[in-house]
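Residues per chain are reported as follows:
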Number of protein chains: 2
Amino acid sequence: MIREKKRIFSAFADMKGLRATRQRDLILDVFLSTHQHISVEELYLKVKAANRGIGQATVYRTLKLFVEAGLAREIVLHDGQTRYEHLVAGEHHDHLICTGCNSIIEFENEAIEELQREIAARHGFVIKSHKLELYGLCPSCRN
Amino acid sequence: MIREKKRIFSAFADMKGLRATRQRDLILDVFLSTHQHISVEELYLKVKAANRGIGQATVYRTLKLFVEAGLAREIVLHDGQTRYEHLVAGEHHDHLICTGCNSIIEFENEAIEELQREIAARHGFVIKSHKLELYGLCPSCRN
DNA sequence: AACGATATCGATAATTTTTATCATTAACTC
DNA sequence: GAGTTAATGATAAAAATTATCGATATCGTT
Ligand SMILES: [Mn+2]
Ligand SMILES: [Mn+2]
Ligand SMILES: [Zn+2]
Ligand SMILES: [Zn+2]
């Protein structure tokens, strides 16, 4: 999986005429080693722990490349912080978020997706992307 | 409708012990005269046109009060700009957005809402709010 | 392997949006 | 009307992201 994603980025870089740099390699390694929904600042700190010299502008720039390459998705939740998560090709999911502890549950629902397409079609739109976030309290935060 | 909303805000202010100021009156008047999805900056300019002396911090503060009073909803779309829209008590809608011309179509779909509740229940959540945005191209922007 | 062109980097300034601070002003109570 | 204090407006500050730019590293070509 990780090896595959590295290959994808490498191919993307080739196609776009981008150079292979130590920084991009390292940031991709660290990003792939993390789990879901990491903020730029959090990732920057992790990367800096491995290589003191890396600037945060580079982390910002590189994450945008990952999105462009189809490896990552940018998500902005209720708290306004921009986060990135791994993107699995061909898959999609939405988020159920606890406003108490900020935990996130991912879900997929084809019935909703189909209804979305119907609504869009009714207005002559073709959907390119969508964002569905459900906010509530998880079982442990309800007490 | 407008008179009713002014009454609601007035009652809200009484309840919270807030004072009735010229600024709040004016900002509410201008806000109610606008149509959907206005940014703070846009509203600030409109308000300033009516009364040069008003500060934008007051507009920020007052819009938050409108939300608290149930008169307005804050929405943050793809472009990152925070906007406010009138809220009709007991009603809810989601957004279909054209990424070409930024036009917005509002829709309601009870079937989707029901599916959302089912998904949440499956994870022991009770939904407090949700956000559904469909992004695509409108008929005129598809050419 | 060295060269040359230039993409990329890191530091930092600049932007953008929103919030905090605080002295002054204006509502409300009596 | 006087006193109390919430609210305002100007401005500083914070927070997040983007732009700028000289120095450096990459890479195709020698
Ligand atoms: Mn996710
Ligand atoms: Mn709307
Ligand atoms: Zn929780
Ligand atoms: Zn359009």
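Sequence positions are assigned chain by chain, starting from 1 and proceeding in written order. The order in which chains are written sets their letters, starting at A; the order in which ligands are written sets their numbers, starting at 1. Selection of residues for local features in this predicted model requires a pLDDT of at least 70, selection of side-chain atom pairs for listing and counting requires 80 or more, and totals for whole chains, interfaces and linings are taken over all residues. As a convention, hydrogens and water are excluded, and side-chain values are obtained from all of the structure's heavy atoms.

## Considerations on the coordination of the zinc ion (ligand 3)
All names here are of chain A.
(1) Moving on: Here a donor is any nitrogen, oxygen or sulfur atom (N, O, S) within 2.8 Å of the metal, with 3.2 Å used for Na, K and Ca; water is not among the atoms considered, so some sites may look incomplete. The zinc ion (ligand 3) binds to the protein through Cys-98 (SG), Cys-101 (SG), Cys-138 (SG) and Cys-141 (SG); the donor distances cover 2.2 to 2.4 Å.
(2) Moving on: Any coordination sphere not matching a tetrahedral pattern (four donors, all angles between 85 and 135 degrees) or a square planar or octahedral pattern (four or six donors, opposite donors over 155 degrees apart, other angles between 65 and 115) is reported as irregular. Each of the four donor atoms around the zinc ion (ligand 3) contributes to a set of angles spanning 102 to 116°, which defines the coordination as tetrahedral.
(3) Moving on: For the zinc ion (ligand 3), the donor residues sit on a single chain with the sequence spacing C-x2-C-x36-C-x2-C. Remark: Cys-141 occurs in the segment after strand 6 (126-137) and Cys-101 occurs in the loop between strand 4 (94-98) and strand 5 (104-107); sequence separation between them is 40 residues.
(4) Moving on: Three exposure classes are used, based on accessible area relative to the maximum for each residue type with a 1.4 Å probe and protein chains only: buried under 20%, partly exposed in between, and exposed over 50%. Take Cys-141: its relative accessible area is 25%, and that puts it in the partly exposed class. Secondary structure is summarised from DSSP: a helix means a run of H or I of at least four residues, a strand means a run of E of at least two, and numbering begins at the N terminus for each.

## Points about the sheet that holds strand 1 (residues 38-39) of chain A
Residue and element names in this part refer to chain A.
(1) Moving on: Being paired, for any two strands, means DSSP has found at least two bridges between them. Ordered in space as 1-3-2, the three strands form an open sheet in which the pairing is antiparallel. The sheet terminates laterally at strand 1 and strand 2 (72-76), the two strands that pair on one side only.
(2) Moving on: The sheet contact formed by strand 2 and strand 3 (residues 82-86) spans five bridges and is antiparallel. Opposite Arg-73, over in strand 3, you have Glu-85 as the bridge partner.

## Considerations on the coordination of the zinc ion (ligand 4)
Residue and element names in this part refer to chain B.
(1) Moving on: Of the protein atoms, only Cys-98 (SG), Cys-101 (SG), Cys-138 (SG) and Cys-141 (SG) coordinate the zinc ion (ligand 4), at distances of 2.2 to 2.4 Å.
(2) Moving on: Note that the zinc ion (ligand 4) binds four donor atoms; their angles at the metal cover 101 to 117°, and the shape is tetrahedral.
(3) Moving on: Read in sequence order, the donor residues for the zinc ion (ligand 4) give the motif C-x2-C-x36-C-x2-C. With Cys-98 in strand 4 (residues 94-98) and Cys-138 in the segment after strand 6 (126-137), this pair connects stretches of sequence that are 40 residues apart. The same class applies to Cys-98 as to Cys-138, namely buried.

## A word on the protein's contact with DNA strand D
(1) Moving on: Nearness is defined per residue: one heavy atom within 4 Å of the molecule or strand is enough. Around DNA strand D, the surrounding shell holds 19 residues, and the nearest of these are Arg-19 and Thr-82 of chain A together with Gln-23, Thr-58 and Arg-61 of chain B.
(2) Moving on: Within 4 Å of the protein, the atoms of DNA strand D are drawn from sugar and phosphate moieties in a proportion of 72%.
(3) Moving on: Contact between DNA strand D and Arg-19 of chain B: a phosphate oxygen at 3.1 Å from a main-chain N or O atom of the residue.
(4) Moving on: A 3.5 Å cut-off defines polar contacts: any pair of N or O atoms within that distance qualifies, except that in protein one atom must be a possible hydrogen donor and the other a possible acceptor, and neighbouring residues in sequence count only when both atoms are side-chain atoms. Here a base nitrogen of DNA strand D and a side-chain polar atom of Arg-61 of chain B are 2.7 Å apart.
(5) Moving on: Where the surface near DNA strand D is concerned, the elements lending two or more residues are helix 4 (56-68) of chain A together with helix 2 (22-33) and helix 4 (56-68) of chain B.
(6) Moving on: Looking at the surface near DNA strand D, the element that brings in the most residues is helix 4 of chain A, giving four residues.
(7) Moving on: All amino acids are sorted into three groups, where Ala, Val, Leu, Ile, Met, Phe, Trp, Tyr, Cys and Pro are nonpolar, Asp, Glu, Lys and Arg are charged, and the leftover types, Gly among them, are polar. Of the residues in the surface near DNA strand D, the class split is five nonpolar, seven polar and seven charged.

## Some thoughts on the sheet that holds strand 6 of chain A
(1) Moving on: An order of 5(A)-4(A)-6(A)-6(B)-4(B)-5(B) is seen for the six strands of this open sheet, with the pairing classed as mixed. Lying at the two open borders of the sheet, with one neighbouring strand each, are strand 5 of chain A together with strand 5 (104-107) of chain B. Adjacent strand axes in the sheet meet at a mean angle of 20° when their direction is disregarded.
(2) Moving on: Both strand 4 of chain B and strand 6 of chain B contribute to a ladder of four bridges, which runs parallel. Bridging across to strand 6 of chain B, Cys-98 of chain B finds its partner in Gly-136 of chain B.
(3) Moving on: By definition, residues are in contact when any of their heavy atoms lie within 4.5 Å. The convention used is that axes are lines fitted to C-alpha atoms, helices contributing only their stretch in contact, and that angles between N-to-C directions extend from 0 to 180 degrees. Along the sheet, helix 5 (residues 110-122) of chain A contacts strand 4 and strand 6 of chain A together with strand 4, strand 5 and strand 6 of chain B; its crossing angle with strand 6 of chain A, the most-contacted strand, is approximately 130°.

## Points about the domain arrangement of chain A
Residues and elements named next belong to chain A.
(1) Moving on: Segmentation into domains, and thus their bounds, comes from an automatic or database assignment. What the domain assignment lists for chain A is domain 1 (2-86) and domain 2 (94-142).
(2) Moving on: A separation of 25 Å is found between the C-alpha centroids of domain 1 and domain 2.
(3) Moving on: On the side of domain 2, seven residues touch domain 1, which itself brings eight residues to the contact.
(4) Moving on: The salt bridge definition used is simple: a Lys or Arg side-chain nitrogen within 4 Å of an Asp or Glu carboxyl oxygen. Taken together, the connections running from domain 1 to domain 2 amount to zero salt bridges.
(5) Moving on: Summed over the shared surface of domain 1 and domain 2, the number is four residue pairs in polar contact (both at pLDDT 80 or more).

## Quick look at unusual backbone geometry
(1) Moving on: Although it is not a glycine, Asn-102 of chain A sits at a positive phi angle of roughly 65°.
(2) Moving on: The residue Asn-102 of chain A is located in the loop between strand 4 and strand 5 in this model.
(3) Moving on: Phi at His-37 of chain B is positive, roughly 65°, even though this residue is not glycine.
(4) Moving on: Tracing the chain through its elements places His-37 of chain B in the loop between helix 2 and strand 1 (38-39).
(5) Moving on: Accessibility expressed as a relative area gives 8% for His-37 of chain B, which makes it buried.

## Focus: the protein's contact with DNA strand C
(1) Moving on: Looking at DNA strand C, there are 19 residues lining it, with Gln-23 and Thr-58 of chain A together with Ala-20, Arg-22 and Thr-82 of chain B nearest.
(2) Moving on: Here, DNA strand C places atoms within 4 Å of the protein, and 73% of those atoms are sugar or phosphate.
(3) Moving on: Here a base nitrogen of DNA strand C sits 2.8 Å away from a polar atom, N or O, in the side chain of Arg-61 of chain A.
(4) Moving on: Contact between DNA strand C and Lys-64 of chain B: a phosphate oxygen at 3.3 Å from a side-chain N or O atom of the residue.
(5) Moving on: Secondary-structure elements contributing two or more residues to the surface near DNA strand C are helix 2 (22-33) and helix 4 of chain A together with helix 4 of chain B.
(6) Moving on: Here the surface near DNA strand C takes four residues from helix 4 of chain B, the largest share from any one element.
(7) Moving on: For the surface near DNA strand C, the residue count by class is five nonpolar, seven polar and seven charged.

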